[in-house]
Amino acid sequence: MEAWKEKIAGNWKILKGKVQQQYGELTDDDLAYEKGKEDELIGRIQKASGKTKEEVMDWIDKL
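Note that this is a predicted model, so its numbers are computed, not measured.

Caption draft 1: Seen up close, the nonpolar core. Counting 15 residues, the largest nonpolar core has Ile8, Trp12, Val19, Leu31, Ile42, Ile45 and Ile60 as its most contacted members. When residues of this core are traced back to their parent elements, those giving at least two are helix 1 (3–22), helix 2 (38–49) and helix 3 (53–62). Counting residues per element, this core draws most heavily on helix 1, which supplies five residues. Look past the residues within four positions of Val19 in its chain and what remains in contact with it is Trp12, Leu26, Leu31, Ile45, Trp59 and Leu63.

Caption draft 2: Seen up close, a negative patch on the surface. There is a patch of like negative charges on the surface, built from Glu54, Glu55, Asp58 and Asp61. With respect to the helices and strands, Asp58 occurs in helix 3. Assessed through its relative accessible area of 43%, Asp58 is described here as partly exposed.

Caption draft 3: Structural detail: the environment of Leu26. Within the fold, Leu26 resides in the loop between helix 1 and helix 2. When its relative accessible area of 6% is taken as the criterion, Leu26 is described as buried. The sequence separation of Leu26 and Glu6 amounts to 20 residues, and the corresponding C-alpha distance is 22 Å. Once residues lying within four places of it in the same chain are set aside, the contact partners of Leu26 are Val19, Gln20, Leu31, Arg44, Ile45 and Ala48.

Thresholds applied
- Residues numbered from 1 in each chain as written.
- Predicted model: local features only at pLDDT ≥ 70, side-chain atom pairs only at ≥ 80, totals over all residues.
- Heavy atoms only, no water.
- Core = buried A, V, L, I, M, F, W, Y, C linked by side-chain atoms within 4.5 Å.
- Buried < 20%, exposed > 50% of the residue type's maximum accessible area, 1.4 Å probe, protein only.
- Helix = DSSP H or I, 4+ residues; strand = E, 2+ residues; numbered from the N terminus.
- Contact = heavy atoms within 4.5 Å.
- Patch = residues over 30% accessible without salt bridge, like charges linked within 9 Å, V, L, I, M, F, W, Y side chains within 5 Å.
- Areas by Shrake-Rupley, 256 points an atom, 1.4 Å probe, with all protein chains shown as cover.
- Salt bridge = Lys/Arg side-chain N within 4 Å of Asp/Glu carboxyl O.
- Lys, Arg positive; Asp, Glu negative; His and termini not counted.
- Charge placed at Lys NZ, Arg CZ, Asp CG, Glu CD.

Here it is in C-alpha cells:
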C-alpha cells in the first residue's frame, strides 16, 4: 500500500482536522473516509485545493 493511503487509513481523524483547517470549505461529507475509496477522497481535496493529485498525496504524507 502506498504511504499516503496508509497514513489516511491509520490517522484519518487527526488528518481530517488538519485538512479542514487548511481548506475550510471542505465539509465533513467531503472528507468522509471509506476504505478503498482513498482516490475519491484525494479528488475532493484536489478540487478544493487546486493542487495536482501528486501534490495532495505529498502534502498528506508530510502532515
